[in-house]
Amino acid sequence: MSDPTQGGRPPSVDALARSLVDCGLPHPLLVDAARRAIAAGDPGRARAEAVAIARTLLQPVINATGVLLHTNLGRAPLARLQGATYSNLELDLVSGDRGSRSAHAAALMARACGGDAGLIVNNGAAAVLLVLAALARGRSVVVSRGELVEIGGGFRVPEVMAESGARLVEVGTTNRTRIADYERALADPGNDVALVLKVHKSNYRIEGFTGEVGIEALGGLGDPPRPLVVDLGSGLLDSACPWLPDGPPAWLRDEPAARQTLLSGADLIVFSGDKLLGGPQAGVIVGRADLVAACARHPLARALRPGGLVLGAMQDVALAYLGRTAQHLPFWRMATVPVAELERRVEALGVGEPVATTAVTGGGTLPGVDVPSAGIALDGDRTAGLRAFHPPVIARVRDGQTLLDLRTVEPADDPTVADAVRAATAADA
Ligand SMILES: *Cc1c(COP(=O)(O)O)cnc(C)c1O
C-alpha cells in the first residue's frame, strides 16, 4: 500500500485512517484523527493525532508522585480484573427470593466497623446527600460553624444541605463551638432539629484558640435525643489498625476512625471508600439499623447506588479487614513499607540521584502530615517525557528537579520506572 501521507493530492480521510490501523484504535477514532490532520492541512500529523486520542483513554499509570491517594490518579490503587460473570447481586441464594444489594459488601462493611447495618453509594458526597435527604428533609440540621467545610470538587456542606432539602442551623464560631451552643439550638422549638451533624476537618486544620465538642458529648443530645451523624471523610476503620503488624504508623496521629466514632456514641457514620480505607470510589453509611433503613428506602438511594463491580471490590476490602489481611491492600502496603526498603529499591533502580522524599496520604486526608519516603531526583522538568512513556509515569517537580517517589510505586514496576527515566532523559539529551 502506498503511503497516503505522501504525494501530491490530499489523501482521502478513509485511506489515511486505514494507514493508522496499527495504533490499535477502532476505525471511527482513526477517522477522527485523520480528519483533524487534514483539517490542519498536515496529513502527516495523523499518527500524532491518533496517539493523542489514545492518550485520552482511561489506562493504568505508574504513580511516582508520593501522593498515596492522588485524586487525579483515582485515589487508592485498585485491582480491576474480573471475568464476565453473573453474580447474586440481588438474589438470596438460600431462599431463591429477590435479595438485597446491601446483603454482602454493605453488611460486611458494617460488621468491620462494629455497626448494626450499612449502605454503600457512589461516593462520600452522595452518602452525605442521601443521609441528609432521608433523615432531615424539611427539618433542620445543627452543624458547628467550624465544620462548614468545602471538601473540594465543589462539595460544600451548606450547599449539599440545601440540595438535600434540609435547613442548616449553624452554631458556635469558626474557631470555637461549645456544647451549650448545640443545646441552645436543639432546645429552640422554631428550629425543628432532625439531627446533629459533625463533619471531620479532613483537609485543613484550625490551630490556636480553638475548641470543638467531641462525639461523646454530642451523642444523644436533645430531648427527645436527636441522632448524631458524623461525616468522617476518610475511612480509617479502627484507630488501633489491628490489621497492621506494627500498629498505627506515627503519621496517622489523631485521625478519627469508624469503629471508635460509633463506640463513642455516633448513631450514623459516613466515609469514603477510597480515602484511608483503600477501596474503590464509594460512599459508606454505617450505623443504627433504623436510620440506615430510612436511607435505603429513600428514592435517592436508587439513583446513587453503585453496580456490582464496585460492590464486589468493596466486599473484597471488607473481607480483608475482617480477616486481618488488610495490610496487603495496596494502599496499606505502600503506606507502611519501611523507608530502608524504599532506599534499597532506589539503589537497585540504578538511575537518577537517590534522595530522601516526603510522601503524603493526599486525597483530602491528613493535611500537613508527611510520610518519610525515598526516591530519585532528575535535573530539570522531565515530567512530560515520563508521561509520554508506556505506561505513563507520573512524577512531580520541585525546585527545578523532577522527583520520583517510590512509596507509591509497585515494586514490580521499578524496572519500568527505570526504563521510563532512561527514555525521558535520553530524549532531550
Ligand atoms: C472527602 C470527603 C467527603 C466526600 O467524599 P468523596 O468520596 O470524595 O465524595 C465528604 N466529607 C468529608 C469530610 C470528606 O473529607
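Just so we're clear, the structure is a prediction, and the values are computed from it rather than from any experiment.

Engineer: With reference to specific residues and values, describe the overall build of the protein.
Structural biologist: Assigned secondary structure in the protein consists of 16 helices and 15 strands. Considered along the principal axes of its C-alpha atoms, the protein spans approximately 85 × 50 × 45 Å. Among the 429 residues that make up the protein, the fraction classed as buried is 47%. For the protein, the proportion of contacts with a sequence separation of at least 24, taken over those separated by at least 6, is 71%. A total of about 20400 Å² of accessible surface is found on the protein, and carbon and sulfur atoms cover 53% of it. Here the protein contributes 41 positively and 46 negatively charged side chains, and the mean placements of these two sets differ by 4 Å.

Engineer: Could you give an account of helix α14 (residues 339–349), with specific residues and numbers?
Structural biologist: The set of residues buried in α14 consists of L342, R345, V346 and L349. The arc that holds the buried residues of α14, viewed along the axis, is 105°, so those residues lie on one side. Residues A340, E347 and A348 are exposed on α14 and point more than 90 degrees away from its buried face. Where α14 terminates, the next one or two residues include G350, which has phi positive at roughly 70°.

Engineer: How would you explain the site of the ligand if you had to name every residue and give the values?
Structural biologist: Within the structure, the ligand sits among 13 residues, and G124, S202, D231, S272 and K275 are positioned closest to it. Note that an oxygen atom of the ligand is positioned 3.0 Å from one of the side-chain N or O atoms of R75. Here S272 contributes a side-chain N or O atom positioned 2.2 Å from an oxygen atom of the ligand. Elements represented by at least two residues in the shell around the ligand include exactly α5 (124–136) and β8 (228–233). Looking at the shell around the ligand residue by residue, the classes come out as four nonpolar, six polar and three charged.

Engineer: Pulling in residues and values, what's your account of the sheet that holds strand β14 (residues 396–398)?
Structural biologist: Within the open sheet, the four strands sit side by side as β11-β12-β15-β14. Their pairing is antiparallel. Unpaired on one side and paired on the other, β11 (353–359) and β14 mark the two borders of the sheet. Ignoring strand direction, the axes of neighbouring strands in this sheet form an average angle of 45°. Where strand β12 (residues 371–379) lies against strand β15 (residues 401–405), five bridges are found, and the strand directions are antiparallel. Paired with A377 across the strands is L403, a residue of β15. Contacts between α14 and the sheet are confined to β11 and β12, with β12 contributing the most and set at about 20° to the helix.

Engineer: How would you summarise unusual backbone geometry if you had to cite specific residues and measurements?
Structural biologist: For residues other than glycine, phi is negative in most cases, and the peptide bonds are mostly trans. Residue D223 is joined to P224 through a cis peptide bond whose omega torsion reads 0°. Note that the residue after H390, namely P391, is joined by a cis bond; omega there is -5°. Position of P391 relative to the elements: it lies in the loop between α15 (383–387) and β13 (393–394). One non-glycine residue, R75, adopts positive backbone phi at about 55°. Its place among the elements puts R75 in the loop between β1 (62–63) and α4 (105–113). With a phi angle near 45°, D192 is a residue other than glycine that sits in the positive phi range. With respect to the helices, strands and loops of the structure, D192 is situated in the loop between α7 (179–187) and β7 (193–199).

Engineer: Can you explain the packing of aromatic side chains? Please cite residues and give values.
Structural biologist: Under the criterion given, the structure shown has three aromatic pairs. For the ring pair W243 and Y321, a centre distance of 4.8 Å and an interplane angle of 85° mean the geometry is edge-to-face. In this pair, W243 is assigned in the loop between β8 and α9 (258–263) and Y321 in helix α12 (residues 308–322), connecting sequence segments 78 residues apart. The residues W243 and Y321 share a single accessibility class, namely buried.

Engineer: Got a sec to walk through the pairing of strand β2 (residues 117–121)? Specific residues and values, please.
Structural biologist: In regular strands, side chains alternate between the two faces of the sheet. Within β2, five of the five residues are buried, which leaves the element mostly enclosed by the surrounding structure. Neither face of β2 is open: one carries A117, L119 and V121, the other G118 and I120, and all of them are buried. Where β2 lies against strand β10 (residues 283–287), five bridges are found, and the strand directions are antiparallel. Bridge pairing in β10 links G118 to V286.

Scoring rules and cut-offs
- Residues numbered from 1 in each chain as written.
- Predicted model: local features only at pLDDT ≥ 70, side-chain atom pairs only at ≥ 80, totals over all residues.
- Heavy atoms only, no water.
- Helix = DSSP H or I, 4+ residues; strand = E, 2+ residues; numbered from the N terminus.
- Buried < 20%, exposed > 50% of the residue type's maximum accessible area, 1.4 Å probe, protein only.
- Contact = heavy atoms within 4.5 Å.
- Areas by Shrake-Rupley, 256 points an atom, 1.4 Å probe, with all protein chains shown as cover.
- Lys, Arg positive; Asp, Glu negative; His and termini not counted.
- Charge placed at Lys NZ, Arg CZ, Asp CG, Glu CD.
- Arc of directions from axis to C-beta.
- Near = heavy atom within 4 Å.
- Polar contact = N/O pair within 3.5 Å; in protein donor to acceptor, adjacent residues only side chain to side chain.
- Nonpolar A, V, L, I, M, F, W, Y, C, P; charged D, E, K, R; others polar.
- Pairing = 2+ DSSP bridges.
- Axes fitted to C-alpha atoms, helices over the stretch in contact; angles between N-to-C directions.
- Phe/Tyr/Trp six-rings, centres within 6.5 Å; stacked < 30°, edge-to-face > 60°.

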